[in-house]
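A closer look at the structure
The chain contents come next:
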Amino acid sequence: MLKRQYILMIGLVFALTAFTFPQNGHAENFEQSAKRFIESLADDALQSLTIEDKPRTERVTKFRKLLHDYFAYRTIGAWVLGRFWRSATEAQKNEYFDLFEQLLVETYVDRFARYPGASLKVTQALNSGDSDVIVSTLLNRPDGQPPVRVDWRLRAQEGNYKIIDLMVEGLSMGQTQRSEFASVIRQNGGTVEGLLSELRKKIQQIKNQQS
């Protein structure tokens, strides 16, 4: 059940991520601005990405823009690769980032249309260290199932916050992906090239299913 909730949330979560907050001001003001911004963003994103007959090309474009603008996806990608990042060549790192982005887009863009009617409620926003903030939310699902807790970890970068991880019912997206990639590498010769090969196959498989 937890794995299913995780897959559902990864599909929805990217539609709700385009938010930045001021780094100054009182905690009370910060929390209120976070609440207002996420609620507004959730309404806009869910309306535009959960429409079943919306052209896929338009959803892909919007999804990719959210990913680039509001996720520190290169920071996430490097951390997910773990110790293998240090042994990768520059060419492998460049291809890895490209494949990592494609995998995220191709895997999750089509999940939005499956879950119309979902809503997100902010419960709190708390500082975590010098540059991180944890924003806790509840995802209310339209199927009558209990709400799902989602904690967003944001990090201050160049005057704005960007998302570096999210936890669904305590399960870290980044840690889960890191474990999966490490397993793929071990099963494919213990090299980064083995992972790249599997990512190419996976992305092509997803594209073939859409053709």
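An account of the accompanying structure is given in this report.

Quick notes on the rules
- Residues numbered from 1 in each chain as written.
- Predicted model: local features only at pLDDT ≥ 70, side-chain atom pairs only at ≥ 80, totals over all residues.
- Heavy atoms only, no water.
- Helix = DSSP H or I, 4+ residues; strand = E, 2+ residues; numbered from the N terminus.
- Buried < 20%, exposed > 50% of the residue type's maximum accessible area, 1.4 Å probe, protein only.
- Contact = heavy atoms within 4.5 Å.
- Core = buried A, V, L, I, M, F, W, Y, C linked by side-chain atoms within 4.5 Å.
- Pairing = 2+ DSSP bridges.
- Phe/Tyr/Trp six-rings, centres within 6.5 Å; stacked < 30°, edge-to-face > 60°.
- Lys NZ or Arg CZ within 6 Å of the ring centre and 35° of its normal.
- Axes fitted to C-alpha atoms, helices over the stretch in contact; angles between N-to-C directions.
- Parallel < 35°, antiparallel > 145°, perpendicular 65-115°, else oblique.
- Left-handed = near helix turned anticlockwise from the far one by under 90°.
- Nonpolar A, V, L, I, M, F, W, Y, C, P; charged D, E, K, R; others polar.
- Salt bridge = Lys/Arg side-chain N within 4 Å of Asp/Glu carboxyl O.

Some remarks on the overall build of the protein chain
- Regarding its fold elements, the protein chain presents 8 helices and 5 strands.
- In the protein chain, the order of α-helices and β-strands from amino to carboxyl end is α-α-α-α-α-α-β-β-β-β-β-α-α.
- With 211 residues in all, the protein chain has 46% of them scored as buried.
- Here the contacts in the protein chain between residues at least 6 apart in sequence split such that 59% fall between residues at least 24 apart.

Topic: the nonpolar core
- Y96 and F181 are the most contacted members of the largest nonpolar core, which totals 42 residues.
- For this core, the element with the most residues is helix 6 (residues 90-108), which contributes 8 residues.
- With residues near it in sequence (within four places) discarded, Y96 still touches G77, A78, V80, L81, W85, F181, L195, L196 and L199.

Quick look at the pairing of strand 1 (residues 119-128)
- Pairing of strand 1 with strand 2 (residues 132-140), which is carried by 9 bridges, proceeds in the antiparallel orientation. Along strand 2, the bridge assignment pairs L120 with L139.
- The loop that links strand 1 with its antiparallel partner strand 2 comprises 3 residues; one of these, G129, has a positive phi angle of about 85 degrees.

Looking at the environment of L195
- Turning to its location among the elements, L195 is positioned in helix 8 (residues 192-210).
- Look at L195 and you get buried, because its relative accessible area is 1%.
- Spatially, the C-alpha atom of L195 lies 6.1 Å from that of V184, the residues being 11 residues apart in sequence.
- In contact with L195, other than residues within four places in its own chain, are L81, Y96, F181, V184 and I185.

Points about the environment of Q175
- Structurally, the position occupied by Q175 is in helix 7 (residues 173-187).
- Note on Q175: relative accessible area 37%, which makes it partly exposed.
- Distance from Q175 to W79, taken between C-alpha atoms, is 9.0 Å for residues 96 residues apart in sequence.

Considering the packing of aromatic side chains
- The full count for this structure, using the stated rule, is 5 aromatic pairs.
- Relative to F181, the ring of Y96 has its centre 6.3 Å away and its plane inclined at 75 degrees; by these criteria the two rings are edge-to-face. Separated by 85 residues along the polypeptide, Y96 in helix 6 and F181 in helix 7 bring together distant segments of the chain. Neither residue differs from the other here; Y96 and F181 are each classed as buried.
- Taken together through their ring pairs, the aromatic side chains of W85, Y96, F97, F100 and F181 make up a single cluster.
- The side chain of R74 reaches across the aromatic face of F97, ending 3.9 Å from its centre.
- It is R178 that lies over the ring of W79; its NZ or CZ is 4.4 Å from the centre.

Here we look at the packing of helix 3 (residues 56-70) against helix 6
- In contact at an axis separation of 10 Å, helix 3 and helix 6 are set at 135 degrees when each is read in the N-to-C sense. With respect to each other, helix 3 and helix 6 are oriented oblique. The element helix 3 and its partner helix 6 pack so that their crossing is right-handed. Between helix 3 and helix 6, the residues in contact are R56, V60, F63, R64, L67 and H68 and E101, L104, V105, E106 and Y108, respectively.
- In the contact of helix 3 with helix 6, the residues fall into 6 nonpolar, 1 polar and 4 charged.

Topic: the pattern of salt bridges
- Tallying each qualifying case throughout the model produces 7 salt bridges.
- Of the charged contacts in the structure, one is a salt bridge between E101 and R64, with a shortest N-O distance of 2.7 Å. Residue E101 is located in helix 6, and its partner R64 is located in helix 3; the two are separated by 37 residues in the primary sequence.
- Take R64: its relative accessible area is 29%, and that puts it in the partly exposed class.
- Linking E193 and R200 is a salt bridge whose minimum nitrogen-to-oxygen distance equals 2.9 Å.

Interpretation note: all reported values are geometric properties and have no functional meaning in isolation.
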